[in-house]
Each structure stands twice: as structure tokens, then as C-alpha cells.
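# Close look at the chain arrangement
The primary structure of each chain is shown beneath.
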Amino acid sequence: MKEQLLALQKACLDAIKKADSSNALQEIEVKYLGRKGELTAILRGVKDLPDAQKPIVGKLSNEVKTVLEEALENKSKELEKEELNKQLQDDTFDITIPGPDRSLGHVHPLSQVQHQVEKIFNSMGFMIMDGPEVESEYYNFEGLNIPAWHPARDMQDTFFIKGKHDKKHGRMVLRTHTSPVQVRTMEKYGAPLRVIVPGRTFRYEATDASHDTTFYQVEGFMIDKNISIAHLKGVLAQFLSSLFGKEVTVRIRPGYFPFVEPGLEVDFSCLICGGKGCRVCKYTGWVEFMGAGMIHENVLKAGGIDPKKWQGWAFGFGLTRLVMMRHGIDDIRLLLGGDLRFINQF
Ligand code: FA5
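About the cut-offs
- Residues numbered from 1 in each chain as written.
- Predicted model: local features only at pLDDT ≥ 70, side-chain atom pairs only at ≥ 80, totals over all residues.
- Heavy atoms only, no water.
- Buried < 20%, exposed > 50% of the residue type's maximum accessible area, 1.4 Å probe, protein only.
- Helix = DSSP H or I, 4+ residues; strand = E, 2+ residues; numbered from the N terminus.
- Pairing = 2+ DSSP bridges.
- Contact = heavy atoms within 4.5 Å.
- Near = heavy atom within 4 Å.
- Polar contact = N/O pair within 3.5 Å; in protein donor to acceptor, adjacent residues only side chain to side chain.
- Areas by Shrake-Rupley, 256 points an atom, 1.4 Å probe, with all protein chains shown as cover.
- Nonpolar A, V, L, I, M, F, W, Y, C, P; charged D, E, K, R; others polar.
- Axes fitted to C-alpha atoms, helices over the stretch in contact; angles between N-to-C directions.
- Parallel < 35°, antiparallel > 145°, perpendicular 65-115°, else oblique.

Judged by how many residues are buried, strand β5 (residues 193-202) sits mostly within the fold: eight of 10 residues are covered. Looking at chain direction, strand β1 (residues 127-128) and β5 are connected through two bridges and run parallel. Across the sheet, I128 pairs through a bridge with I196, a residue of β5.

All right, on to the environment of F289 then. Of note, F289 is situated in strand β9 (residues 286-295). Relative accessible area serves as the criterion here: at 5%, F289 is assigned to the buried category. Through-space distance from the C-alpha of F289 to that of M1 is 106 Å; in sequence the pair is 288 residues apart. Discounting residues that sit within four places of it in the chain, F289 has contacts with L240, V266, D267, F268, G316, F317, G318 and L322.

This part takes up the environment of K65. Mapped onto the fold, K65 is located in helix α4 (residues 54-90). On the basis of relative accessibility, which here comes to 30%, the residue K65 falls in the partly exposed class. C-alpha of K65 to C-alpha of Y32: the two residues are 33 residues apart in sequence and 9.2 Å apart in space. The contact partners of K65, leaving out residues within four places of it in the chain, are L33, L39 and L43.

Turning our eyes to something else, we now look at the side chain of H150. Note on placement: H150 falls in the loop between α6 (137-140) and β3 (160-166). For H150, a relative accessible area of 15% gives the class buried. With residues up to four places along the chain from it excluded, the contact list for H150 reads N145, Y256 and P258.

Taken together, the neighbourhood of the ligand is formed by 26 residues, with H177, S179, R203, E205 and D212 sitting nearest. In the model, a nitrogen atom of the ligand is placed 2.8 Å from a nitrogen or oxygen of the H177 side chain. Side-chain polar atom of S179 to a nitrogen atom of the ligand: 2.8 Å apart, as the coordinates give it. Relative to its unbound accessible area of 670 Å², the ligand is 96% covered by the protein chains. Among the secondary structure elements, those contributing two or more residues to the shell around the ligand are β6 (214-224), β9 and β10 (311-318). Top contributing element to the shell around the ligand by residue count: β9, with five residues. A breakdown of the residues in the shell around the ligand according to their chemical character gives 10 nonpolar, 10 polar and six charged.

Right, let's talk about the packing of helix α2 (residues 22-33) against helix α3 (residues 38-45) for a bit. The contact between α2 and α3 brings their axes to 3 Å, and the two run at 20°. Judged on the interaxial angle alone, α3 and α2 are roughly parallel. Here α2 contributes K31, Y32 and L33 to the contact with α3, which in turn contributes E38, L39 and T40.

Here is the structure:
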């Protein structure tokens, strides 16, 4: 039995010495020390030996087991080290290889045109103002000469904010236009003023190729002494020719807005169809572009400005529609639709 144990120990140690991978080592462990392994079988058989041999063979078997376990552990550490070194040698790291290409985002076409508009008006001495998108009924309507009973409220379908009510300024709304910033600016700075207000506006309407529920407007107004519609025409002509780099046909017709008197509507000849008629211009050849007029004296008063000393004009145009004309986009809903295949073209 003793010889058998020593022969097993030698065979196992030889095999451990020759093992060239962790897998091979594992197989050796199973072969000799596993549940059905050769040494395990001998250890199990000790109980059946004559009493005199039991302690001798039992002791020797345990000694062999300890020797083999130690040899396996040492070889395992050795192989692990070798495998790690090999892996490090294989994994050459070239710091000169450029990193993975991460595509950068870009400025949205609406913002691109907004920045151009701001630049042109800046060069004519206009300052840029901002105002809240969640606005009070007072600034959105009353301050602009549209009291609660006025039928003109129906011209702008309004989103009301549930449960919000300000004692002084009424209910809260998603602003339907950028005009509320007129009174806010007058209150803050007084006259004279040259201001534009680019911003997001909201209306509860059925959408189509030229109407969305969320769109951008640019308000513009000028208040000074002896200001007339002639200044408005001059500023608009300068603005449009700078923006489009060519002459754009503009049509001015009477329009009604309670916050201006007299009121005007300014239309563009449709740049999508060249004025022939398409679904964007509703087959009229013209695109409604802006409302404008001389600021109503009630609005100047609401802003704390004396209408006997000062007067001015105001306009409000659809920035989103301007972007459509600029790029020949035939459906407004594409602009805020979030489809990257569309937006990445600009
Ligand atoms: C107004 O909003 C007035 N506040 C403009 C104004 C300002 C008049 C100052 C006088 C003085 P209107 O509702 O017409 O007016 O809207 C102005 C422009 O916003 C329109 O000409 C159009 O270009 C754009 N617009 C209006 N509704 C939508 C919509 N649902 N989707 C996209 N653009 C729109």
C-alpha cells in the first residue's frame, strides 16, 4: 500500500510539473484528488484495512494529500503569473491610435436663424429681452388691452395652467405670443426702447403643415419720440434683405390686434413655391408672416409710459415659419418632431 501511495504521489507530481495551463492543472486535481479521484479512493479504503495498517496508511495518505495540494497550489500561482504576463505582452496599447469617433451635436436650425436675427437687430441698436413661458393672464392679455370679456381672446387658443392663480395677475397660461414682454420691458426700463424678444410660444390648435402647438416668435418694438410706421418699414426692409441676402416681396395689409392702432399684417411671397401656391401657403402664394402696428396707448400706459410724450411700433413674427422659408421645409411639424434624420441635415 505504501509503495502504491508513493507511486501515485510521484505520478501526480510529474503531471503537475508538466501542466502548461490552468485547465490542465484542474484536470490533474480532479484525476487524483476529486470525488472519484485515485487518492480519494485509497483514503476511502483505509477503513477496510486490518487495524494494524489503518493508522500507518491513513497517516501516509494524508501526508501525500497535503504534498499534492501544496504542489497544485504553487503550480496554479505560477501558471496564473505566466498567463498574466502573456496577456500583457499580447495587449499592446498604442497611445497614438485616435479614440472612437463621437459625433458632436450641432445648433438646431431654429436657433441658427434666431442667432442671425439677433445679430441683425443688434447691429441696428436693438437689445434682446427674454420673458417667462408660463405667463400671467395679465401680461398675456389685460396688459395688452385684451380684457377678459374681449372677443379677441378667442383669436389665440390658450393653454391654462390648472390650479395656478395669482391674485394680482389672474390665472397662469402658457404664453400665446411674445407680446407680454412689451409691458414687462416698459415697466423695467421705461422709454426710449429698441427691443427684440425671441422666444417659445404655445397655442391649443389643430396642427397642419404651417401650424404647430409649440412654435417660436420674435417680438420687436421701438419706442421714442416722433416714431412712425415709416421707421417700421425701413427696419423690416433692412432686416429681410440682410437675412435672405436678396429682395423678398412683402405685402402689408390692414390687420386687427387690440394692442396696436392702426394694426397691420405683413405677408411674405411664399419662398417654397415661388408664389405659385402650395400646401404651406394654402395655395395663395403668400405666407402670413407677422402682425404689427403702432403700440396702443393703453399698452404704453400699462407699461408706465406717457403716450403723450412717447409713441412706437411693435411687430411679432413667426420665427418657425421664417426657418421654413429659409430652408424650404414644407411641414412645420418636422422642426420640433425630434427626428434626427431630418435635423442632422442642417
Ligand atoms: C400675434 O401673436 C401678435 N402678438 C403679433 C403682434 C405683435 C401684432 C406686435 C402686433 C404687434 P399672430 O397670432 O398673428 O399675432 O401670430 C404672429 C405670427 O406667429 C404669425 O404671423 C405666424 O407667423 C406665427 N404663428 C401664429 N400661430 C402659429 C402656429 N400655430 N404655428 C406656427 N406659427 C404660428
